[in-house]
Every structure is written in C-alpha cells, then in structure tokens.
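Reading the structure
One-letter residues, chain by chain:
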Amino acid sequence: MKSYINKDESKVLKGVAVILMIMVHTFKVKWIDESVCIYDLKVNNQLFSHIIAEVLHDSSAIFAFVTGYACALKRINFKDKIKKIQSLYISYWVVLFTVNFPFHVINDLIINDTVSSISTGEIVKTVFGISSNISKFNWYIIFYVFAILSFDFVGRQFLLIKNWKIRYASVILFFFCLRILARKLMFFNLVNESLLSIIQSYNTMMPCWMIGYFSLVDSIYIKFDSFLENKKIKSVIPILMLGIIYIGKYCLKFIFMIDSGLSSFWILFEIYSILYILRYINNFSKIRKILISIGENSLYIWLSSSVFILESIQPFTYVLKFPFLIVFMEVIIMIVLAKMLKLIDIGLRTCLQK
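Report follows, based on the coordinates.

The rules behind each value
- Residues numbered from 1 in each chain as written.
- Predicted model: local features only at pLDDT ≥ 70, side-chain atom pairs only at ≥ 80, totals over all residues.
- Heavy atoms only, no water.
- Helix = DSSP H or I, 4+ residues; strand = E, 2+ residues; numbered from the N terminus.
- Buried < 20%, exposed > 50% of the residue type's maximum accessible area, 1.4 Å probe, protein only.
- Areas by Shrake-Rupley, 256 points an atom, 1.4 Å probe, with all protein chains shown as cover.
- Lys, Arg positive; Asp, Glu negative; His and termini not counted.
- Charge placed at Lys NZ, Arg CZ, Asp CG, Glu CD.
- Phe/Tyr/Trp six-rings, centres within 6.5 Å; stacked < 30°, edge-to-face > 60°.
- Lys NZ or Arg CZ within 6 Å of the ring centre and 35° of its normal.
- Contact = heavy atoms within 4.5 Å.
- Axes fitted to C-alpha atoms, helices over the stretch in contact; angles between N-to-C directions.
- Parallel < 35°, antiparallel > 145°, perpendicular 65-115°, else oblique.
- Left-handed = near helix turned anticlockwise from the far one by under 90°.
- Nonpolar A, V, L, I, M, F, W, Y, C, P; charged D, E, K, R; others polar.
- Core = buried A, V, L, I, M, F, W, Y, C linked by side-chain atoms within 4.5 Å.
- Expected span 1.5 Å × (residues − 1).
- Bend = angle between axes of the 7 residues up to and from the residue.
- Patch = residues over 30% accessible without salt bridge, like charges linked within 9 Å, V, L, I, M, F, W, Y side chains within 5 Å.
- Salt bridge = Lys/Arg side-chain N within 4 Å of Asp/Glu carboxyl O.
- Polar contact = N/O pair within 3.5 Å; in protein donor to acceptor, adjacent residues only side chain to side chain.

1. A few points about the overall build of the protein
Helix and strand counts for the protein stand at 16 helices and two strands. Oriented by its inertia axes, the alpha-carbon framework of the protein measures out at about 65 × 50 × 50 Å. For the protein, the proportion of its 354 residues judged to be buried stands at 49%. Of the roughly 18,500 Å² of accessible surface on the protein, 67% is carried by carbon and sulfur atoms. The positive charge centre, built from 37 side chains, and the negative charge centre, built from 22, are 10 Å apart in the protein.

Okay, structure coming up:
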C-alpha cells in the first residue's frame, strides 16, 4: 500500500488537532462569557468564540483518524498491542501524578478550603483511565485500549464488503446505530452513566479510527486526487469542501440545536481538505516545524490540558482578554510543560528498563 500521509504530516495533523482542542476547551467554558465577551464579536447573539469552538470541535476525531491510519501502515500483533497500551499508560501516569492530580488537590484547597476525600475505587478507576473526575480528558485512554485491541477484528468484518464506498457508509451507520442502542439501554437502566460514557466514546470515535484505517487500505485519497486531477477548479474544491463542512456543523448546532458527535460523517473529507491546506503552507517552514513539535508532544498536551478548565485556574488564563491571544498563550505554556513531561517520561522508562 502506498501511504498518502507521510510521518511528518501525521505529526502536523496531530499538531493541528491539539490547537483545535485547546481552542475548543478555552472557548466553550462558562468563564469566557464574563471574562472576554466585551472583546469578542457576536453572531446571532452567540459569541464568535463559541461558534468557532463548535465548528472546529473535531480534534478527537482527527486523533482517532490518524491513529487508525497508522495502524494500517504496519501489521500489529497482540504482543505489539500490549506494548502500545503499556507505553500509553506510562505516559498517562507521568501526566496524572506530576500535573493533573496535584492541580486537582490545589483546586480543592482554593475552592473548598479542604481536599475532598477520594475513594479507593475512584483512585483505581482514575489510574486506569476509566474515571475522568480527576483527570478530565483521560477518556481517550480507555477508548484507545479498546480500539487498539479490537480494530483488526472490526476491520476484518467490514472488509467482507468489497465496495469501498458501501464499506465507508456501513462503518458510519453501524456505529451510529450502536450509539442509539446504547442510549436505549441507558433509558431502560440497563447500563449506568459511567459505562455508557465509555461505550459512547467508543461508538463515536471508533468509526473515525476505522475510516482512517480504510482510507489507506482502499487508497481513498489517491482516488480523490485522481478524480480531481483534470478538474479546472481542483485547487478550490478542498477549500470549498471544508467550508461546506463547517457551515453544516454551524447549522447542526445553532439552527437545529443538535449536539452531533457525528464527526465520522465528514472526517474523511475534512482530513483531505486540511491536508491540502497543510501542503500549501509547506512553503512556510517555521509554521510546519511548530506544528510538528506540537504533534510530537500531543499526548502530553492532551492529557495535561485539563488543568486549564479547573475552576481555580481557568479565570487566570483570561488575563489577556482577547480569545485568540488566550489560545496562543495556552499553546506556548502547554508546549513547555509537554517537553518537561516528556523528559520525565523518558527518565522513568530508562529506570524501568534497568
């Protein structure tokens, strides 16, 4: 199979996803209304920053897509999967015990003047990424564990469908139906809320993972390029495609009031369009280097960024008042923090190997 996305482009995509994630988490929380609304535009009585957050809310889907794509590049046996899971947990524990847990304690002391008690069960669930009460964004940990263990089995079932277009549609519809079924189970009290959250994370992100996987297996992007090759407006189509996706997402949220979680419906086309733009800005090497650096440290940034939504911390991030300046500041802080966490992670792995 010929890879359409090279290694550096995968890092750049992760870098883009990290920036989108920070923007979304910054622009959606309640404190932004009172802290920066006078410095922000309004569209139909909605803060422009809120609209941006909803329209760009695909960072998790991009991560899932890129990971699925990588899994198609090289066959992974069960032993390799366990090693990947172990490696992920080591990085997660470094972030949990050096950043997220200490800041959780600090937040409790500032807000409640005391440290709330944490049950043994809650500690165990947090350590394994099952609970997000202490480390807010670790839901991706448990999703990754289930996804890496199941993707080849799931992939084999869909490979029975020979037509790639039908296979693509089947992946989306299958997991969409699973989401509906899971909600029905919750409605009839057959699953609890925490289990439902894990199930729905899998049902929402797994189709993006599988679409990334099949985009390489079926050489879908090469087919796209071939289809557009002789089109007069070839250079415009990816940008138009991205515009249509974002307008559609705006309509879903602000007109039809649907909190979609439907990234799998458009992620294939969104990634293609983003790649086109990224290849254009290859001429701007400094931007590319920054995005690659962010992408290389994306896991540490993802997991540690939860400190910025803590009630005691977040208002301080709004000192700059202007939304995009706030994001720029957070990105700089997170890059520095991630590099420090990476050094700790490398040191820990070196000690474990002795």
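2. So, unusual backbone geometry
If you check the backbone angles, Ser219 has positive phi at about 50 degrees while not being a glycine. On the secondary structure map, Ser219 appears in the loop between α9 (193–217) and α10 (220–228).

3. Brief notes about the packing of aromatic side chains
One pair of aromatic rings is described through two measures. These are the centre distance and the angle between the planes. For the coordinates displayed, the defined rule picks out 29 aromatic pairs. Measuring from centroid to centroid gives 6.1 Å for Tyr89 and Phe128, while their planes differ by 75 degrees, and the two rings are edge-to-face. Of the two residues, Tyr89 sits in helix α5 (residues 78–112) while Phe128 sits in the loop between α6 (120–127) and α7 (139–159), which places them 39 residues apart along the sequence. For Tyr89, a relative accessible area of 10% corresponds to the buried category. Between Phe151 and Trp209, the ring centres sit 6.1 Å apart and the planes meet at 40 degrees, which makes this aromatic pair tilted. Separated by 58 residues along the polypeptide, Phe151 in helix α7 and Trp209 in helix α9 bring together distant segments of the chain. Of the two residues, Phe151 and Trp209, neither departs from the other in class, the shared state being buried. Positioned above the aromatic ring of Phe214, the side-chain terminus of Arg167 is 5.3 Å from the ring centre. Sitting over the ring of Tyr4, Arg279 keeps its end group 4.4 Å from the ring centre.

4. Digging into the environment of Ser131
Along the polypeptide, Ser131 turns up in the loop between α6 and α7. For Ser131, a relative accessible area of 6% gives the class buried. Sequence separation between Ser131 and Ser194 is 63 residues; the distance between their C-alpha atoms is 7.7 Å. For Ser131, the residues in contact, after removing those within four places along its chain, are Glu122, Lys125, Thr126 and Asn138.

5. Things to note about the packing of helix α11 (residues 237–255) against helix α12 (residues 267–280)
Where α11 meets α12, the closest approach of the two axes is 8 Å, and the angle between their N-to-C directions is 130 degrees. In this view, α11 runs oblique relative to α12, as classed from their interaxial angle. Where α11 crosses over α12, the two elements pack in a sense that is left-handed. Counting all contacts with α11, which are made through Pro238, Ile239, Met241, Leu242, Ile245, Tyr246 and Lys249, the residues of α12 involved are Phe269, Glu270, Tyr272, Ser273, Ile274, Tyr276 and Ile277. In the contact of α11 with α12, the residues fall into eleven nonpolar, one polar and two charged.

6. What to know about the nonpolar core
Judged by nonpolar contacts, the single largest core of 102 residues is most densely connected at Trp209 and Tyr221. With near-sequence residues (within four places) excluded, Tyr221 lies in contact with Tyr4, Ile5, Phe65, Ser215, Ile267, Leu268, Ile271, Tyr272 and Leu275.

7. Some remarks on α7
Think of an α-helix as turning once every 3.6 residues; residues three or four places apart then point the same way. Helix length check: α7, at 21 residues, gives a terminal C-alpha distance of 28 Å against a target of 30 Å (1.5 Å per residue), a fit within 8%. Remark: the principal bend of α7, roughly 50 degrees, maps to Ser150.

8. Topic: a nonpolar patch on the surface
A surface patch of nonpolar side chains, amounting to about 310 Å² of accessible area, comprises Phe103, Ile106, Ile110 and Ile111. Counting through the fold element by element, Phe103 comes out in helix α5. Residue class for Phe103 comes out partly exposed when judged on its relative accessible area of 31%.

9. Section: helix α8 (residues 164–187)
Between its terminal C-alpha atoms α8 stretches 35 Å, which fits the 34 Å expected from 24 residues at 1.5 Å a residue. Within α8, the full set of buried residues consists of Trp164, Arg167, Tyr168, Val171, Ile172, Phe175, Arg179 and Ala182. Of the surrounding secondary structure, the elements contacted by the buried residues of α8 are α7, α9, α10 and α12. The N-cap residue of α8 is Asn163: its side-chain oxygen and the backbone nitrogen of Lys165 are 2.9 Å apart. Note on α8: the residue one or two positions beyond its end, Asn189, has a positive phi of about 60 degrees.

10. Looking at the pattern of salt bridges
All chains considered together, the criterion is met by eight salt bridges. Residue Lys253 is joined to Glu54 by a salt bridge in which the shortest nitrogen-to-oxygen separation is 4.0 Å. Note that Lys253 is positioned in helix α11 and Glu54 in helix α3 (residues 48–55), a separation of 199 residues in sequence. Arg349 serves as the salt-bridge partner of Asp345, at 2.6 Å between the closest nitrogen and oxygen. Of this pair, Asp345 and Arg349 both sit in helix α16 (residues 323–353), four residues apart, which is roughly one turn of the helix.

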